[in-house]
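# Reading the structure
Letter by letter, the chains look like this.
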Amino acid sequence: MSETAQHSPHHIDVKEFHPRAHEALHNPQIRHNFRKAMDGLMTKRKSAFEGWDLESLRDLGANVRLRALANLPDLLEQLEKKLTENGIKVHWAVDGDEACRIVRDICKARDAKTVIKGKSMVSEEMELNKYLEEHGIEALESDLGEYIVQLAGETPSHIIMPAIHKNTGEISQLLHDKTGTDLSNDVEYLTAEARLQLREKFMNADVGVSGVNFAVAETGTLCLVENEGNGRMTTTVPKCHIAVTGIEKVVPNLEDVTALLALLTRSATGQHITTYFNMISGPRKAEELDGPDEVHVVLVDNGRSSIYQDDELLDTLRCIRCGACMNHCPVYTRVGGHTYGTTYPGPIGKILMPHLIGLDEGRHLPSASSLCGACGEVCPVKIPIPDLLVRLRQESVDGDKLHPAKVRGHGAKRNALEAMIWKGWSWMHARPGAYRFGTNMAARLRKLQPGQMGGWTQFRTSPKLAPKTFHETLKERGQ
Ligand code: SF4
């Protein structure tokens, strides 16, 4: 298992979050598109869980994930054994680069020129499309949202709905410019046109690449949840299917999938069940009419085993990628996904990306939160996101415990003056005499208090020190 991958996805300067956030906040179109979409998703989620004992279901989901993670090494071995018995070739990748090389080698061995892709966030993490293009292999996204962002030369702005930042008019214009489709506000027409273009690509693709929602260790089954049928086409039409997945997606048995599926679809899109639920258990058998001749699975680590070693941060790996934390996040819903500049935006991105790109690079991410707690309240597998944000915030100034070697100066990033102030503060609060003397002095010298305190007072008024200390006030009242 791996050390954390070093590269930052999409080559966007992740550290430029603030200027991008500022820009997004002043873009009424972005604000409107996200507000509308997120309001709809929140309402749908709420009504999808009506009549359910949501807390018990979330407890069940959390327990399924915790049990799977507790036995992760054994489950992965069992999964590999079962997949191999089913005729699926298993590959292990330490990081995104190795995973890309594995996919390229499989394609090269088949002399493949075109790859059709189902939706896969791990392939985004690997920057697979770019890599394949550089090696002379055309990679086309077939999920409608992914297809739109690919045509626009963008990256997904949401893990479930990649093109959620665009409205119908923008999509119509894009399809018109790139593919010659007539301009229209009729969503059904636009969808049908895109499907027509994609269908031909499906028929001619040499290889299909998909993600995996759950990998069942007991049976060696790969489960894929989708709404458009493109996942089924990707995994059955081309002669070769490659599934790429993070190592944490494994669950012990099929029974576990039922609880997670019930939570996933309701939390993600407010659906009781998606239109398609694919269970892939091997290449086409002699008596079967369709399916690929070859099925491969690439199990990608890319920093996950490093997270696994930390008892607290391990909770991050429970994630089933439903996106509910984003839909309910007051920061994400205002600035949108692209502002983060990372593969995974929003609350899950803030706790996951620092491990994928290093806390040094993503140190501002845990702070891009109001800590309102909404993400933790809606997470279907009860990941304590706010607690993990606080932990990462602390590490962003005190040093990265998980990857100490990555942060210069033995991990310390705290400003020297700030460190001195906090040290003095802590010393004074541990000594009643010093505390009394300090607060007395502060009350007497309050006129000297600076009006501006750097970034703290950029958008707030500086709090004024009281003319009397708390103890003095109490004494006056005879208490
Ligand atoms: S952290 Fe929880 S709410 Fe967010 S995507 Fe993952 S499972 Fe869904």
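Residues numbered from 1 in each chain as written. Predicted model: local features only at pLDDT ≥ 70, side-chain atom pairs only at ≥ 80, totals over all residues. Heavy atoms only, no water.

## Let's talk about the overall build of the chain
Applicable threshold: Working definition: helices are DSSP H or I runs of at least four residues, strands are E runs of at least two. Numbering for both runs from the N terminus. Throughout this description, buried means an accessible area under 20% of the type-specific maximum (1.4 Å probe, protein chains only), exposed means over 50%, and partly exposed covers the range between. Residues are treated as being in contact if the distance between any of their heavy atoms lies within 4.5 Å. Here, Shrake-Rupley sampling with a 1.4 Å probe gives the accessible areas, and only protein chains in the shown set may cover a residue. Here Asp and Glu are counted as negative and Lys and Arg as positive; His is not counted, and neither are the chain ends. Think of each charge as sitting on NZ of Lys, CZ of Arg, CG of Asp or CD of Glu.
Each helix and strand counted, the chain has 21 helices and 10 strands in total. Once the C-alpha set of the chain is aligned to its principal axes, its extents read approximately 90 × 55 × 50 Å. Taken over 479 residues, the chain has a buried fraction of 52%. Partitioning the contacts of the chain with sequence separation of at least 6, the portion at a separation of at least 24 is 73%. Carbon and sulfur atoms provide 55% of the accessible area of the chain, an area that totals close to 22,800 Å². The distance from the centre of the 58 positive side-chain charges to the centre of the 62 negative ones in the chain is 9 Å.

## Observations concerning the environment of Ile280
With respect to the helices, strands and loops of the structure, Ile280 is situated in strand S9 (residues 276-280). Considering only alpha carbons, one finds Ile280 and Thr236, 44 residues apart in sequence, at a separation of 9.4 Å.

## Focus: the pattern of salt bridges
Convention followed: The working definition used for a salt bridge is a side-chain nitrogen of Lys or Arg within 4 Å of a carboxyl oxygen of Asp or Glu.
Tallying each qualifying case throughout the model produces 26 salt bridges. Residues Arg35 and Asp39 are paired through a salt bridge, measuring 2.9 Å at the closest nitrogen-oxygen approach. Taken together, the residues Arg35 and Asp39, both in helix H2 (residues 28-48) and four residues apart, mark about one turn of the helix. Residue class for Arg35 comes out partly exposed when judged on its relative accessible area of 29%.

## A short note on the domain arrangement of the chain
This is how the line gets drawn: Throughout the structure description, domain borders are defined by an automatic or database domain assignment.
Under the domain assignment used here, the chain contains domain 1 (60-305) and domain 2 (416-476). Spacing between the C-alpha centres of domain 1 and domain 2 amounts to 56 Å.

## Here we look at the environment of Lys285
Mapped onto the secondary structure, Lys285 falls in the loop between S9 and strand S10 (294-300). A relative accessible area of 41% places Lys285 in the partly exposed class. Placed 198 residues apart in sequence, Lys285 and Gly87 show a C-alpha to C-alpha distance of 9.9 Å.

## A word on the site of the ligand
Using the following cut-off: Here a residue is near a molecule or strand as soon as one of its heavy atoms is found within 4 Å of it. Basically, the charged four are Asp, Glu, Lys and Arg, the nonpolar ten are Ala, Val, Leu, Ile, Met, Phe, Trp, Tyr, Cys and Pro, and anything else, Gly included, counts as polar.
Surrounding the ligand, one finds Cys319, Ile320, Arg321, Cys322, Gly323, Cys325, Ile348, Cys379, Pro380, Val381, Ile383 and Ile385. Residue composition of the shell around the ligand, grouped by class: 10 nonpolar, one polar and one charged.

## Concerning the nonpolar core
For clarity, the threshold we go by: Residues belong to one nonpolar core when they are buried, are Ala, Val, Leu, Ile, Met, Phe, Trp, Tyr or Cys, and are joined through side-chain atoms within 4.5 Å.
Val103, Met126, Phe214, Leu222, Ile242 and Val298 are the most contacted members of the largest nonpolar core, which totals 98 residues. Contacts of Ile242, omitting those with residues within four sequence positions, involve Val103, Ile106, Val207, Gly208, Val209, Ser210, His296 and Val298.

## Considerations on the confidence of the model for the chain
Reading predicted coordinates in detail is not appropriate for stretches of low pLDDT. Heads up, the condition is: A score from 0 to 100, pLDDT tells how confident the predictor is in each residue.
Averaged over every residue, the pLDDT of the chain is 91; the share at 70 or more is 94%. When the criterion is pLDDT under 50, residues 1-10 qualifies, and its contacts beyond four places in sequence or with other chains add up to 44 contacts. Predicted confidence is poor over residues 406-411, with pLDDT under 50, and the contacts of this stretch with residues over four places away or in other chains come to 15 contacts.

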